[in-house]
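# Remarks on the overall topology
So you can see what is in the structure, the chains are spelled out below.
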Amino acid sequence: EAFLASLAGRKLWWVAPPHESGMAGGRPSFPYKELTPEEGGWPCSWLLQEDLVPPGVLRCVQGPGEVMLLPADWWHMTCSLDEFNIA
């Protein structure tokens, strides 16, 4: 379990419980890792291609002053939405 606070900037979170079906080993696949930077090979590529997001993955935006609770063993991936972030 982890508490993650944001002080400045916004962060997009994708999270999934460890038992979510449709994911190999309880984790979504990372298709962006196989792409070049020009093709969108970075975590934020899921913003550009929503069809890459596996079923069962939840999404939320964390703003400044907000705290995320990430339960133990949950998978997660983040994308900073602003140029300046402190978390």
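Residues numbered from 1 in each chain as written. Predicted model: local features only at pLDDT ≥ 70, side-chain atom pairs only at ≥ 80, totals over all residues. Heavy atoms only, no water.

Moving on, we come to the overall build of the protein chain. Within the protein chain, the secondary structure is distributed over one helix and five strands. Per-residue burial for the protein chain yields a buried fraction of 32% across its 87 residues. Relative to all contacts within the protein chain whose residues are 6 or more apart in sequence, the contacts with residues 24 or more apart total 81%. Accessible surface, the protein chain as shown: approximately 5500 Å² in total, 56% of it carbon and sulfur. (Helix = DSSP H or I, 4+ residues; strand = E, 2+ residues; numbered from the N terminus. Buried < 20%, exposed > 50% of the residue type's maximum accessible area, 1.4 Å probe, protein only. Contact = heavy atoms within 4.5 Å. Areas by Shrake-Rupley, 256 points an atom, 1.4 Å probe, with all protein chains shown as cover.)

Should their charged atoms come close, side chains of opposite charge can pair. Inspection of every chain in the model, using the stated rule, returns one salt bridge. Ionic pairing is found between Arg10 and Asp82, a salt bridge with its closest N-O pair at 2.9 Å. One end of the pair, Arg10, is in the loop between strand 1 (2–5) and strand 2 (11–16); the other, Asp82, is in the segment after strand 5 (75–80), and 72 residues separate them in sequence. You can call Asp82 partly exposed: its relative accessible area is 26%. (Salt bridge = Lys/Arg side-chain N within 4 Å of Asp/Glu carboxyl O.)

A grouping of Phe3, Val67 and Leu69 is seen on the molecular surface, where their side chains present a nonpolar patch of about 320 Å² in accessible area. Among the secondary structure elements, Val67 is positioned in strand 4 (residues 67–70). With relative accessibility at 52%, the residue Val67 sits in the exposed group. (Patch = residues over 30% accessible without salt bridge, like charges linked within 9 Å, V, L, I, M, F, W, Y side chains within 5 Å.)

Turning our attention to the side chain of Gln62. With respect to the helices and strands, Gln62 occurs in strand 3 (residues 58–62). Residue class for Gln62 comes out buried when judged on its relative accessible area of 2%. At 2.9 Å, the side chain of Gln62 and the backbone oxygen of Glu66 are in polar contact. Look past the residues within four positions of Gln62 in its chain and what remains in contact with it is Leu4, Ala5, Ser6, Gly9, Arg10, Lys11, Trp13, Val67 and Met68. (Polar contact = N/O pair within 3.5 Å; in protein donor to acceptor, adjacent residues only side chain to side chain.)

A positive phi is found at Asp73, a non-glycine position, where the angle reads about 70°. Structurally, the position occupied by Asp73 is in the loop between strand 4 and strand 5.

Attention now moves to the nonpolar core. By size, the foremost hydrophobic cluster in this structure holds ten residues: Leu12, Trp14, Ala16, Cys44, Trp46, Val53, Val57, Trp75, Met77 and Cys79. Only strand 2 and strand 5 provide two or more residues apiece to this core. (Core = buried A, V, L, I, M, F, W, Y, C linked by side-chain atoms within 4.5 Å.)

Turning our eyes to something else, we now look at the confidence of the model for the protein chain. Mean pLDDT over the protein chain: 79, with 72% of residues reaching 70 or higher. Across the protein chain, element-level confidence peaks in strand 4 with a mean pLDDT of 94 and bottoms out in helix 1 (residues 45–48) with 72. (pLDDT = per-residue confidence, 0-100.)

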